[in-house]
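# Descriptive structure summary
Each chain, letter by letter, is given below.
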Amino acid sequence: MRFNEKELVLLSRQPSERAAELGMRGPKKGDVVKKRLVKLVVNFLFYFRTDEEEPIGALLLEQCRVEREDSQTFSIAFLDEAERKYVFECDTEEQCAEWIDSIIKASYEFMRKNLIFYRTEIHRLTGKVRPLAAARRCAKCHTDGASNQQRSYCGMVTVRFGVHIIIIINSRQTGRLMKGDGFGFARQC
């Protein structure tokens, strides 16, 4: 996966949902448990040496499995590399349960499932099809140079959820769905 190291360092300095000094053992055979400052920021789990400000690593908490190993220990394994596990040791059972819960809730998939659930519930209760959507016009079709025909078939809907932005354009003229890139430019799916 490609990433910008400076951006990750800046992200690691943001306020965290959860942070604590935990025992951590890496995925390599023979790794020993070391005390690390562990911070959960959005869907990244950063880990630091206890005396340093820059992270020595980060785990993107997508497509991973979080399991309780014993009463005060949990592990994170990624679906594409199930044999490699990161193990974390907590001070108490309660702390372990809180970390597991927070990590599970930090993933995009969890947020997406909740969004779908709540949309369905609101639709069931109110009868509105898109109660959480905020309608907006795309910049490409609604500039001074755009023709009336272009303006007439563009109905862009933007849904903002956490840090993820999903943009869908329903083209009434063609009946096909199109996706926007977030900057007002549409491309066909």
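In the nomenclature of an unreviewed UniProt entry, the protein corresponds to Pleckstrin homology domain-containing family J member 1 from the organism Neolamprologus brichardi.

## Quick notes on the sheet that holds strand E5 (residues 64-70)
Spatial strand order, E4-E3-E2-E1-E7-E6-E5: seven strands in an open sheet with antiparallel pairing. Across the chains shown, the open sheet's two edge strands, defined by having one partner strand only, are strand E4 (57-60) and E5. Going from strand to strand, the sheet's axes swing by 35° on average, the running direction of each strand aside. Pairing geometry for strand E2 (residues 34-41) and strand E3 (residues 44-49), over six bridges, is antiparallel. The residue of E3 that forms the bridge with Lys 39 is Phe 46.

## Structural notes on the packing of helix H2 (residues 93-106) against helix H3 (residues 108-126)
In contact at an axis separation of 5 Å, H2 and H3 are set at 70° when each is read in the N-to-C sense. On the basis of their axis angle, the class for H2 and H3 is roughly perpendicular. For the pair H2 and H3, the contacting residues are Ile 104, Lys 105 and Ala 106 in the first and Tyr 108, Phe 110 and Met 111 in the second. Across the contact of H2 with H3, the residue classes tally to five nonpolar, no polar and one charged.

Cut-offs used in this document
Residues numbered from 1 in each chain as written. Predicted model: local features only at pLDDT ≥ 70, side-chain atom pairs only at ≥ 80, totals over all residues. Heavy atoms only, no water. Pairing = 2+ DSSP bridges. Helix = DSSP H or I, 4+ residues; strand = E, 2+ residues; numbered from the N terminus. Axes fitted to C-alpha atoms, helices over the stretch in contact; angles between N-to-C directions. Parallel < 35°, antiparallel > 145°, perpendicular 65-115°, else oblique. Contact = heavy atoms within 4.5 Å. Nonpolar A, V, L, I, M, F, W, Y, C, P; charged D, E, K, R; others polar.

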